[in-house]
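A structural walkthrough
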Amino acid sequence: QKEVEQDPGPLSVPEGAIVSLNCTYSNSAFQYFMWYRQYSRKGPELLMYTYSSGNKEDGRFTAQVDKSSKYISLFIRDSQPSDSATYLCAMSAINDYKLSFGAGTTVTVRA
Amino acid sequence: SAVISQKPSRDICQRGTSLTIQCQVDSQVTMMFWYRQQPGQSLTLIATANQGSEATYESGFVIDKFPISRPNLTFSTLTVSNMSPEDSSIYLCSVEEGQSAGANVLTFGAGSRLTVL
């Protein structure tokens with residue numbers, strides 16, 4: 001069993017739709033949860049990170065963490081064609097420089 | 001955040017040859033990381049490179065296959081030795097941006113896409 005599971009998609013939605021992405025994990029030591037966005041032929045860039053359980057909102061993006069279920073989500077509201085990318089979840093334990101990544105979900109927002 | 005330049009951006013290599021990937025950072029950083037990204041798979045950490053010490057390799061990766069140099073605080077190289085088609089992948093250099101409230105935030109280069117024939 002992989003430490004982090006992420007549905008690879010692909011996911012195709014019309015412009016303006018809500019995009020819902022999620023990851024599950026098995027390591028209860030994970031405390032930091034991150035979402036990276038990766039455009040084609042580019043490196044991943046940090047989108048958001050959260051600590052422990054709860055929600056965090058940044059513009060059109062909302063990250064949720066449910067540690068009791070070992071489940072994290074990323075929601076993109078009012079999706080735009082520019083949101084078309086691969087989204088990677090990542091997580092780590094406290095003071096651990098090693099990140100465990102999901103395989104990434106490829107999202108296409110159709111104009 | 002740090003700006004990372006990787007060379008080459010892509011290459012096509014023959015089986016049995018070696019290729020060295022360069023990673024240049026525009027600021028001094030303590031830790032540099034090399035990742036491999038294979039299609040449909042998670043980013044996998046190959047090794048951690050600290051200046052002035054031997055790189056630390058993750059399980060499944062060995063120095064003979066992936067020798068790393070870290071001559072100073074802004075530069076590192078990763079060599080993929082004696083390549084086979086299974087080494088076809090994207091190789092990414094990354095640096096730690098510092099811990100934001102304890103989180104290890106990484107900045108990545110654009111990657112080096114390697115195809116081995």
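Here's what I pulled together on the structure shown here.

Criteria and thresholds
Residues numbered from 1 in each chain as written. Chains lettered and ligands numbered in written order. Predicted model: local features only at pLDDT ≥ 70, side-chain atom pairs only at ≥ 80, totals over all residues. Heavy atoms only, no water. Disulfide = S-S within 2.5 Å. Helix = DSSP H or I, 4+ residues; strand = E, 2+ residues; numbered from the N terminus. Buried < 20%, exposed > 50% of the residue type's maximum accessible area, 1.4 Å probe, protein only. Contact = heavy atoms within 4.5 Å. Buried area = accessible area lost by both parts, 1.4 Å probe. Salt bridge = Lys/Arg side-chain N within 4 Å of Asp/Glu carboxyl O. Polar contact = N/O pair within 3.5 Å; in protein donor to acceptor, adjacent residues only side chain to side chain. Nonpolar A, V, L, I, M, F, W, Y, C, P; charged D, E, K, R; others polar. Pairing = 2+ DSSP bridges. Phe/Tyr/Trp six-rings, centres within 6.5 Å; stacked < 30°, edge-to-face > 60°. Lys NZ or Arg CZ within 6 Å of the ring centre and 35° of its normal. Axes fitted to C-alpha atoms, helices over the stretch in contact; angles between N-to-C directions.

This part covers the state of the cysteines. Following the criterion strictly, the structure yields two disulfides over all chains and no others. The side chain of Cys-23 of chain A participates in a disulfide bridge whose partner is Cys-89 of chain A; the two sulfur atoms lie 2.0 Å from each other. Residues Cys-23 of chain A and Cys-89 of chain A share a disulfide whose torsion about the S-S bond is about -105°; that sign makes it left-handed. On the criterion of sequence distance, the pair formed by Cys-23 of chain A in strand β3 (residues 19–25) and Cys-89 of chain A in strand β9 (residues 85–93) is long-range, its members being 66 residues apart. The residues Cys-23 of chain A and Cys-89 of chain A share a single accessibility class, namely buried. One disulfide in the model links Cys-23 of chain B with Cys-93 of chain B; its S-S distance is 1.9 Å.

With 25 residues of chain B at the contact, the number on the chain A side is 19 residues. The contact between chain B and chain A buries some 1,800 Å² in all, and 53% of this surface belongs to carbon and sulfur atoms. Glu-58 of chain B is the salt-bridge partner of Lys-98 of chain A, the closest N and O atoms lying 3.2 Å from each other. Scanning the region where chain B abuts chain A turns up four residue pairs in polar contact (both at pLDDT 80 or more). Of all elements in the fold, only β4 (31–37), β5 (44–50), β9 (89–100) and β10 (103–108) of chain B reach the threshold of two or more residues within the side of chain B that touches chain A. Here the side of chain B that touches chain A takes five residues from β10 of chain B, the largest share from any one element. Here the side of chain B that touches chain A is composed, by residue class, of twelve nonpolar, ten polar and three charged.

What follows deals with the pairing of β9 of chain A. Residues and elements named next belong to chain A. By the criterion of burial, β9 is predominantly enclosed, with nine of the nine residues buried. Here β9 shows no split at all, with Ala-85, Tyr-87, Cys-89, Met-91 and Ala-93 on one side and Thr-86, Leu-88, Ala-90 and Ser-92 on the other all buried. Where strand β4 (residues 30–38) and β9 come together, eight bridges link them in antiparallel fashion. Opposite Phe-30, over in β9, you have Ala-93 as the bridge partner. Bridge analysis of β9 against strand β11 (residues 105–110) gives three bridges, and the strand direction is antiparallel. When the sheet's bridge partners are listed, Thr-86 is paired in β11 with Thr-106. Where β9 meets strand β10 (residues 100–101), two bridges bridge the pair, whose relative direction is antiparallel. Bridging from a neighbouring strand, Ala-90 pairs with Phe-101 of β10.

Take the packing of aromatic side chains next. Summed over all chains, the structure comprises eleven aromatic pairs over all chains. Look at Phe-101 of chain A and Phe-108 of chain B: their rings are 6.2 Å apart centre to centre, the planes differ by 70°, and that puts the pair in the edge-to-face class. Highlighted residues: Phe-101 of chain A in strand β10 and Phe-108 of chain B in strand β10, drawn from two different chains. Here Phe-101 of chain A matches Phe-108 of chain B in class, with each residue buried. Positioned over the ring face of Tyr-49 of chain A is Lys-56 of chain A, at 4.4 Å from the centre of the ring.

In this model, Lys-7 of chain B is joined to Pro-8 of chain B through a cis peptide bond whose omega is -10°. Its location among the elements puts Pro-8 of chain B in the loop between β1 (4–7) and β2 (10–13). The backbone phi angle of Asp-78 of chain A is positive, close to 45°, even though this residue is not glycine. Within the element layout of this structure, Asp-78 of chain A appears in the loop between β8 (71–76) and β9.

Inspection of the entire model under this criterion finds five salt bridges over all chains. A salt bridge links Arg-37 of chain A to Glu-45 of chain A; the nearest nitrogen and oxygen atoms lie 3.1 Å apart.

Residue and element names in this part refer to chain A. Spatially, five strands are ordered β1-β3-β8-β7-β6 in an open sheet, and the strand pairing comes out antiparallel. Looking at which strands have only one partner, the edges of the open sheet turn out to be β1 (4–6) and β6 (54–58). Between one strand axis and the next, the sheet turns through 15° on average, direction left out of account. Of the strand pairs in this sheet, strand β7 (residues 61–66) and β8 are connected by six bridges, and their pairing is antiparallel. Residue Asp-66 lies in a different strand from β8, and its bridge partner there is Tyr-71.

Honestly, that's just the spatial picture; any functional story needs more than this.
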